[in-house]
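Summary of the model geometry
So the chains spell out like this:
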Amino acid sequence: MQLLNSTDQYWMDALGDKLFHDLNYYDLFTQMWLRLDDTFHKSELYQLMPNVSQRTAIKYVQIAIDHGLLVEHINPDDLRSRRITMSVDLVQKIELFLDYSISVFETFPAPTSQQGDT
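Residues numbered from 1 in each chain as written. Predicted model: local features only at pLDDT ≥ 70, side-chain atom pairs only at ≥ 80, totals over all residues. Heavy atoms only, no water.

**Considerations on the overall build of the protein**
Scanning the protein from terminus to terminus reveals five helices and two strands. Ordering the α and β elements of the protein from the N terminus gives α-α-α-α-β-β-α. Taking all 118 residues of the protein together, 32% fall into the buried category. Long-range pairs, those at least 24 residues apart, make up 52% of the contacts in the protein with a sequence separation of at least 6. With the model as given, the accessible surface of the protein reaches about 8,000 Å², and the carbon-plus-sulfur share is 53%. (Helix = DSSP H or I, 4+ residues; strand = E, 2+ residues; numbered from the N terminus. Buried < 20%, exposed > 50% of the residue type's maximum accessible area, 1.4 Å probe, protein only. Contact = heavy atoms within 4.5 Å. Areas by Shrake-Rupley, 256 points an atom, 1.4 Å probe, with all protein chains shown as cover.)

**Things to note about helix H5 (residues 88-107)**
The end-to-end C-alpha separation of H5 is 29 Å, in line with the 28 Å expected for 20 residues at 1.5 Å each. Residues Leu90, Val91, Lys93, Ile94, Phe97, Ser101 and Val104 constitute the buried set of H5. End-on view of H5: buried residues confined to an arc of 165°, all on one side of the axis. Set apart from the buried face of H5 by more than 90 degrees, the exposed residues are Val88, Asp99, Glu106 and Thr107. (Expected span 1.5 Å × (residues − 1). Arc of directions from axis to C-beta.)

**Details of the packing of helix H2 (residues 23-34) against H5**
At a minimum axis separation of 11 Å, H2 and H5 run at an interaxial angle of 100°. Regarding the angle of H2 to H5, the classification is roughly perpendicular. Only Leu90, Val91, Ile94, Glu95, Phe97 and Leu98 of H5 make contact with H2, whose side of the interface consists of Tyr26, Phe29 and Trp33. Of the residues in the contact of H2 with H5, the class split is eight nonpolar, no polar and one charged. (Axes fitted to C-alpha atoms, helices over the stretch in contact; angles between N-to-C directions. Parallel < 35°, antiparallel > 145°, perpendicular 65-115°, else oblique. Nonpolar A, V, L, I, M, F, W, Y, C, P; charged D, E, K, R; others polar.)

**Concerning the packing of aromatic side chains**
On inspection of all chains with the given rule, the structure shows five aromatic pairs. Ring centres of phenylalanine 20 and tyrosine 25 lie 4.7 Å apart, and the angle between their planes is 75°; on these two criteria the pair is classed as edge-to-face. A single burial state applies to phenylalanine 20 and to tyrosine 25, both of which are buried. Between tyrosine 26 and phenylalanine 97, the aromatic rings sit 6.0 Å apart at their centres with planes inclined by 80°, giving edge-to-face as the arrangement. Taken together, the residues tyrosine 26 in helix H2 and phenylalanine 97 in helix H5 connect sequence positions 71 residues apart. Through successive ring pairs, a cluster of aromatic residues spans Phe20, Tyr25, Phe29 and Tyr60. (Phe/Tyr/Trp six-rings, centres within 6.5 Å; stacked < 30°, edge-to-face > 60°.)

**So, the side chain of serine 87**
By the secondary structure assignment, serine 87 is in the loop between strand S2 (82-86) and H5. A relative accessible area of 8% means that serine 87 is categorised as buried. Looking at serine 87, its side chain comes within polar contact range of the main-chain nitrogen of leucine 90, at 3.0 Å. Discounting chain neighbours no more than four positions away, the residues touching serine 87 are Gly68, Leu69, Leu70 and Val71. (Polar contact = N/O pair within 3.5 Å; in protein donor to acceptor, adjacent residues only side chain to side chain.)

This is how it looks when you write it as structure tokens:
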């Protein structure tokens, strides 16, 4: 429980706004980070938030863009559409969060087995 509380608090501290203290943003940002070299169409981002409706995902993505965490770029292949990437600042925040999470996980003792476990 301490591990979860500690990493949860660090997520809020790293992002600097309680608005992003939401598992759907965690899903979105970490999935984007795993594909860091990719650029995304907005519609691709909605799929990275499987626990909300597309309508809600649209709002979440736009809020992240409005706050500068995600960046819209002109799509050179289709000037009518935009591509989305993570801001440099967000990439750094996610990497700090992941480093912190690993360090916290490593400092907590391994759970002891319960009597009767094999």
